[in-house]
Structure formats: C-alpha cells, structure tokens
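Residue-level listing of the chains:
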Amino acid sequence: MLSDKGISNLRGGYSTLGIGYQYRLSDFILGFELYQNTGANSYYKDYIIDNKSTRFYLNVGYSLTEEGKFHLIHYMSLGAGYVNFEMLKDQRKVDDLSAFLQQPEQGFILRERNIHKGTQNFGGFLTEIGFQFGYDLGVPGLEENISLLGKFGYSFSPFEGAWKMNNITFDNLQSGAFFRLGAGISMPDENLFFPDAGIGVHFFYGVNFTNPDKLNDYLVNNGLSPFNETPNNIGMKIIGENRRWIYSFDVFNIANAGRADENREHTLNSVRLYGNYGYQLYKMRNLELGVTGGLGYGNIRYTLTNNNKPDFPALFEEPDYDGYLKTSGIMGKSEVMVAYAIPVFNKMFRLVTSAHAGYELPLSTYKLGELNMSSYMAGPYLQFGIGLRP
C-alpha cells in the first residue's frame, strides 16, 4: 500500500523489555514470561507511526546440560498477546483537557486484544521456540546467584489472519527471529540453608478502591459518558524469601473502559511496576504473614477512539479519528501479605494461596492537561493470588 503511494517502507524490528520466572525439576523446565515489545518509529508528514505488542507465555523446556553454573535449555512457549498500531501527531501532552475532549483527533489507533480495557482481553494464540543459555555468578555474602541469560529463537502467530485490523493483516508484528539478553536471581540447591528459602511466581486478581471523579467531571461537561466502575487489576508477582527477608517484583494493569458517546469508546489505563523488600513477621506450619514496601513506576493513559474508522488505504489518507494522552512517574506502596502454602506432588513444590492488601502513593505529579490525576493513582487495594514455589 505504501509503495503504491511512493512512500518508503516502515522500519522493521522491535526492542523488548520483560520479566520471567523459571522452575527446574530434574531436567524439565517450567516458566512464565511477560514481554513488552516496541517497534521502531517511522514518520509520515506530521505523524509518528508506531507499533507495540505485549505477550504472555507459558514455557516448557528441557535442559541439555547437567545442573551447574552453565546451562543450556531448549524450550517451546505457548501464549497470548495484544497488538497496537498507531499513526498519531506528537500531541500526547496537552495544556487544555477540555479543548482536547472537544477536538481529540490526533490520528488513528488500532488495537487487537485490547488490554487497555483490561488484562482479561489478552487473546490470540502465539508460539515461540528457541534456546536459552546462561551462567550463574556467585555473589560474596549472598546465598543467591546472579544469572546472566541469553535467548534466541523464533516467535510466530500460527493462524493466518489472526491479527487483522481494518482490512490489513498485522500477523508479521507477532512473528520473527529474536535475540534477548538479561539477568536474574537464582537460588542454587547447594545454598538452601533454610527449608523455606526459594523464589516463587504468583498470579493475582485485585481491585483498586479509587475512581476518576475529577476526570469524570471533565468528561460529563464535554458531553462524554463518565467511567463508573471501580478499576480491577490482574498481575504477576515474583517473590523470593531468604532468612525471612522478602524481596519481590510485581507488575499489574489497572483498567477502566466504556462507551464515550454514540460513536466513540474510551479507556483509562494504568500499568504499575514495583520492586519490593520486606520481612516475614510470622510463620507457623504453612501459614505466613509478611510486610513489604515498594518503589516503582506508574503511568496513566487516556484513549478516545472512533468506532467508525474506514479500512486502509482510506484511513491512511485521512487519519484523524482518535486521541491519546499519557503521563507517567514514580510510585510508592506499602503492603501486608497473608499466604498459605500447600505441598503437592510428594512435596516437589508448594501451591501458595495469598491475599495482599496495601496502599499506593504517587510520588510524581500525574497530569492530563491541567488536571492532576494523583488522587486517582493513590488509594488502597486488595489482591487475591495463587502461586507456585519450590
């Protein structure tokens, strides 16, 4: 389509950020991974063309090496994802929110399996096959190892046309060879000095007890419907324990969504990422009680989309249909965790049920136009999870 118009091709490739967890049982490997992929920007007139995708994988693999400092693993992944393709003017921050709501058109946004409406909208069937290599480095004074990791292989969408939007197929955004480098923390068997030392993965569903009242006032005053529901969240925690000290990383996605007016929909979405540290206050048999404090990143994204966009190439020629605002900053939180661990399969691992209650506090000013959204970012939350721990 671009070649027919005498326009150069869009830039290929993407960069990846992600987190993951891996559990080794003999020579078999079980893992979970979450990736955010960002494509290289291209430019057309006053517009920036961009693409993003998010993928969540379950990995099953087999180790080609014996347990030790060096490891080589062959694995296959099955998962689901989300894709975003957009062509927008560079106006994601505005001075007057009311003026934006009256005339939000900056370009167009196409989303398939739209997680801005909530993580439960993840979908599609994605696969990946590859190899993982790594080396464990001991750190003086710590029982844990620092693991240097690398992965290479091929990602693809097995069903043709599964990522079709406005009569254009975007399957190739989910396909291609990859090479990734990273680092992590591992708990080697020879250093398990305490029976409950280990690192586990937890998945949770929760509710944030906040609502965007101030933003709703702007929406109503400009002829749009307010957000009425309390935002829910779905996320993943990776939690390590050592001498009753707790360290963890968690990521979750908070979402409000609904119809803005007769022809448009809107979403209010926020992603939170935290690094946490704390202490296990109580442990008796399988019952555990701990407290943690966290520092991390949070963003807030408001999108107003028109449901009546034409197909390509008309959309490319007349792109002004949708609007998008984004702001981000630093977040802090405190949390209390209650967990109950149940040994399963002859104590090969433990199934952990948990409840987490806490309070989030924004440490930056979150502004959409002149509107300060810090009161929406702050507030208590409650999460219920289930996890796996060696």
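Now for a look at the structure at hand.

## Brief notes about empty space enclosed by the protein
If you walk through the whole model with that rule in mind, you get 2 cavities of 30 Å³ or more. Here the largest cavity defines a volume of roughly 60 Å³. Taken together, Lys237, Ile239, Ile246, Ser248, Asp250, Asn276, Thr292, Lys333, Glu335, Met337 and His356 make up the full set of residues lining the largest cavity. For the lining of the largest cavity, the secondary-structure elements that each account for two or more residues are strand E13 (232-242), strand E14 (245-259) and strand E17 (323-344).

## Focus: the layout of surface pockets
Approximately 820 Å³ is the volume attributed to the second largest pocket. Forming the boundary of the second largest pocket are 33 residues, of which Leu34, Gln36, Thr54, Val251 and Val271 lie nearest the centre. Of the residues belonging to the lining of the second largest pocket, the class tally is 18 nonpolar, 10 polar and 5 charged.

## Side note on the environment of Leu382
With respect to the secondary-structure elements, Leu382 resides in strand E21 (residues 379-389). Considering only alpha carbons, one finds Leu382 and Gly182, 200 residues apart in sequence, at a separation of 31 Å.

## What to know about the sheet that holds strand E18 (residues 349-362)
Taken in spatial order, the 8 strands line up as E12-E13-E14-E15-E16-E17-E18-E21 and close into a barrel, and their pairing is antiparallel. The sheet shows a mean angle of 25° between the axes of neighbouring strands, direction not considered. Across 8 bridges, the pairing between strand E12 (residues 198-208) and E21 is antiparallel. Note that in E21 the partner of Phe203 across the bridge is Ile386.

## Concerning the packing of aromatic side chains
Here the distance between the centres and the angle between the planes together describe a pair of aromatic rings. A complete count under the given rule lists 20 aromatic pairs for this structure. With 5.8 Å between their ring centres and 80° between their planes, Phe108 and Phe312 make a pair best called edge-to-face. Taken as a pair, Phe108 in strand E6 (residues 107-112) and Phe312 in the loop between strand E16 (287-306) and helix H3 (314-317) lie far apart in primary sequence, 204 residues in all. On the basis of relative accessible area, Phe108 is assigned to the buried category, the value being 0%. Just above the ring of Trp163 sits the side chain of Arg113; from NZ or CZ to the centre is 5.9 Å. Note that Lys151 overlies the ring of Tyr75, its terminal NZ or CZ placed 4.5 Å from the centroid.

What counts as what
- Residues numbered from 1 in each chain as written.
- Predicted model: local features only at pLDDT ≥ 70, side-chain atom pairs only at ≥ 80, totals over all residues.
- Heavy atoms only, no water.
- 1 Å grid on protein atoms, 1.4 Å probe; cavity = no way out; pocket = protein on both sides within 12 Å on 5 of 7 lines; lining within 4 Å.
- Points joined across faces, edges and corners; volume = space filled by probe spheres on them.
- Helix = DSSP H or I, 4+ residues; strand = E, 2+ residues; numbered from the N terminus.
- Nonpolar A, V, L, I, M, F, W, Y, C, P; charged D, E, K, R; others polar.
- Pairing = 2+ DSSP bridges.
- Axes fitted to C-alpha atoms, helices over the stretch in contact; angles between N-to-C directions.
- Phe/Tyr/Trp six-rings, centres within 6.5 Å; stacked < 30°, edge-to-face > 60°.
- Buried < 20%, exposed > 50% of the residue type's maximum accessible area, 1.4 Å probe, protein only.
- Lys NZ or Arg CZ within 6 Å of the ring centre and 35° of its normal.

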